[in-house]
Amino acid sequence: MDRWIERDGWIGGGRDGWIERDGWIERDGWIAPVAPVCPPGTQAGLWSAWMPQTVVAFEGTCVAIPCRFDYPDELRPSAVHGIWYFNSPYPRNYPPVVYKSRTSIVHESFQGRTRLLGDLQARNCTLQLSRLSPELAGKYFFRGDLGGYNQYTYSEHSTLEIVREWGHKPTIMLPEAVVVGTEAELRCVVPDNCPAMKPTVSWLHHEALEGQAVFGQLEEESGTWSQVSLLKFRPSRENDGQDSASPTADVPRILQVNSSVEVTEGSHVGLLCMVDSSPLALLAWFKEEAVLREEPATNLTLELDNVTHAHDGIYTCVAENVYGRVNRSLALTVMCECLGGRGVRPSGQNAPRKPSVNSSVVAVEGEPVTILCTTESNPEPIITIFKEKQIVATVVYESELLLEIPAVTHEDDGEYWCVAENQYGQRGSAFNLTVECESPMPGGRGCQGFPPTIRPAEVAAPQHQMSCP
C-alpha cells in the first residue's frame, strides 16, 4: 500500500486536489506515479481501459474515479469525445448518462454533479462526482467516441460505494502483539477520494498514553486514496485491558430537541438542542430565517422571557461541522392570557391558527379561479383577503372564506394575504396569483390590457411578475 516516493523540486500547491506532471501525481506534498494507460494485463494499441474496481466515498462529499483508456494505433481522430454511463455499458439499454463531452445533457440525477477532470485528447477519462447521495452508488462505465463508427464502451468499470460518515467505521489496524515498553503503532484508515474535501481523522482518549504521537499521511493503492492516521505510543501495564482509542469523523447527530409547545403570553420558554459531534459542531437556533443564537458547543439553550405573539412561529436547531449539516424544527404557539387587556381568558378560547390557503396559483387570462382560506379559533374569527392592502373579500365569524374570480385578468395578478383575527390575536398567510396571457397581441407585441410598447413585467408590482408566451 505504501507506494509513496518523495521527489525534490516539487513546491506546494494542489492541496485541494491533484496535480499531474511528467507522469507523477502530487497531492498534499506527496508524490505517486500516475496509473499507466495500459496496466499489466492489457494490450497497448487496442480498445482497453483502466480504472479502479472499487472506489469508496462519503455521502455528501465528492469522489474522483481515475480512468485511462486506449484505442487502436491506426485511428487518428481529430477529436476525442466520451460518455460515462451508470449501471449498464450498452447504449441500446438507454442507461442514465452521467457525463457527455459533446453536450451538457445528462440524466436528472447527475445534473450539476459531474465534471471531467481528465483530458480526453490525452486518453485520460477521470471523472468527478459531487454532492454524493446513496442513489449514486453503483457501476460506472466509460464509452469512447472518436467519431463515425469508431465508438466503444469499455467493459472495465468502477463500482462506487457510498457510506454515511456518521455510520461508517474506519478501518483500524492493530499490531499482532503489544510489548510493554516497546513502541506500538495503531493505524486508522479512512477513504479519501474527494479532491475538494478530505476527512479529518482524530483519536480519542489517547493523551494519557506514554510517549504518544500522532502522524498523518496519504496513501494510494490501485488508483484509490486513503487518509491514514498513525498513533504511536509506548504501552504500559496500566493500558492492559483498556479499550482501544477510536478515531471518529462524522456529521453531527441531534440527540434531543424540544417538541412543539403551546404557552401563554408572559411565560418563560427554554428551547434545548443537544448534539453528538466530532469535531465540535457549530450550533445555532433560527426563527424562520433569522439567527437568534449560535456558538460551538454540544448543547445550546435558547431562553425566551416574557413571550408575546411576536415569538410565535417555527424554531429550528441547526448543527454543522466540516462533514455536514443537520437540523430539527419545532413550533412555538403563544396563546393570549388576557381578555381585552384585563382578566383571564375563558377556558378553551384562543387566537386563530395560521390560515391555510391554496398553494400559489397560475391561471390563464379569462379562466375562473377559486381560492379557499381556512383557519381554526374560538371564538370564530373575521377572515379577510387583501391584495396590495385593499380588501378583496371578507367574512365575519366563519372558519373559512372562499374567493371566486369568474374570469381573471392581468389586474388580478399579484400577492394576496389571508388574515384571520379575533380578540385574542391575528395570523396571516401569503399566496400568489399569477395570470398568464392566453396569446400575444397581433403582430407579436404586448398582451391584452398592456400598451404594445411596454412589457408586462415593467408595469407589474415588484412582488410578482407576469409572463407571456
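Quick caveat, the model's predicted, so the values are computed rather than measured.

The rules we used
Residues numbered from 1 in each chain as written. Predicted model: local features only at pLDDT ≥ 70, side-chain atom pairs only at ≥ 80, totals over all residues. Heavy atoms only, no water. Salt bridge = Lys/Arg side-chain N within 4 Å of Asp/Glu carboxyl O. Helix = DSSP H or I, 4+ residues; strand = E, 2+ residues; numbered from the N terminus. Buried < 20%, exposed > 50% of the residue type's maximum accessible area, 1.4 Å probe, protein only. Contact = heavy atoms within 4.5 Å. Pairing = 2+ DSSP bridges. Axes fitted to C-alpha atoms, helices over the stretch in contact; angles between N-to-C directions. Patch = residues over 30% accessible without salt bridge, like charges linked within 9 Å, V, L, I, M, F, W, Y side chains within 5 Å. Areas by Shrake-Rupley, 256 points an atom, 1.4 Å probe, with all protein chains shown as cover. pLDDT = per-residue confidence, 0-100.

**Here's the deal with the pattern of salt bridges**
Move 1: One pass over the full model with this rule turns up 10 salt bridges.
Move 2: Arg 113 is paired through a salt bridge with Glu 135; the nearest N and O atoms lie 4.0 Å apart. Linking Arg 113 in the loop between β9 (97–100) and β10 (114–116) with Glu 135 in the loop between β11 (127–129) and β12 (138–145), this pair joins segments that are 22 residues apart in sequence.
Move 3: By relative accessible area, which is 15% here, Arg 113 ends up buried.

**Notes on the environment of Gly 270**
Move 1: Locating Gly 270 in the fold gives a position in strand β20 (residues 269–276).
Move 2: Gly 270 sits 35 residues away from Asp 305 along the chain, and the two C-alpha atoms are 8.6 Å apart.
Move 3: Apart from residues lying up to four places away in sequence, Gly 270 is in contact with Asn 258, Thr 301, Leu 302 and Glu 303.

**A word on the pairing of strand β22 (residues 290–296)**
Move 1: Examined bridge by bridge, strand β21 (residues 282–287) and β22 share 6 bridges and lie antiparallel to one another. Bridged to Ala 284 within β22 is Glu 294.
Move 2: Where β21 hands over to β22, the hairpin turn is made up of 2 residues, of which Glu 288 adopts a positive phi near 55°.

**A closer look at the pairing of strand β25 (residues 324–335)**
Along any regular strand, the residues point their side chains to alternate faces of the sheet.
Move 1: Bridge count for strand β19 (residues 261–264) against β25 is 4 bridges, and the pairing is parallel. Considered in β25, the bridge of Glu 262 is made with Thr 333.
Move 2: For strand β24 (residues 313–321) and β25, the ladder comprises 9 bridges, and the chain directions are antiparallel. Its bridge partner being in β25, Ile 314 is matched across the sheet by Ala 331.
Move 3: A loop of 2 residues connects β24 with β25, the two strands running antiparallel in sequence.

**Here we look at the sheet that holds strand β26 (residues 356–357)**
Move 1: What the 3 strands build is an open sheet, ordered β26-β28-β31; its pairing is antiparallel. Looking at which strands have only one partner, the edges of the open sheet turn out to be β26 and β31 (400–405).
Move 2: The sheet contact formed by β26 and strand β28 (residues 369–374) spans 2 bridges and is antiparallel. Across the sheet, residue Val 357 finds its bridge partner in β28, namely Cys 373.

**Side note on unusual backbone geometry**
Move 1: The omega torsion across Asn 378 and Pro 379 is 5°, close enough to zero to call that bond cis.
Move 2: Considering the arrangement of structural elements, one finds Pro 379 in the loop between β28 and β29 (382–387).
Move 3: Positive phi, normally seen in glycine, also occurs at Tyr 397, with a value near 55°.
Move 4: Note on placement: Tyr 397 falls in the loop between β30 (390–396) and β31.

**Some remarks on the sheet that holds β24**
Move 1: If you trace the 5 strands from one edge of the open sheet to the other, you get β19-β25-β24-β21-β22, paired in mixed fashion. Lying at the two open borders of the sheet, with one neighbouring strand each, are β19 and β22. Between one strand and the next, the sheet's axes are offset by a mean angle of 20°, whatever the strand orientation.

**Quick notes on a nonpolar patch on the surface**
Move 1: Together, Ile 382, Val 396 and Tyr 397 make up a nonpolar patch on the protein surface, roughly 290 Å² of accessible area in all.
Move 2: In this structure Tyr 397 comes out as exposed when scored by relative accessible area, which is 57%.

**What to know about the confidence of the model for the protein chain**
Move 1: For the protein chain, mean pLDDT is 76; residues scoring 70 or higher make up 75% of the total.
Move 2: The low-confidence segment residues 29–44, where pLDDT is below 50, has 39 contacts with residues more than four positions distant or belonging to other chains.
Move 3: In this model, residues 339–344 is a region of pLDDT below 50 whose contacts with residues beyond four sequence positions or in other chains number 6 contacts.

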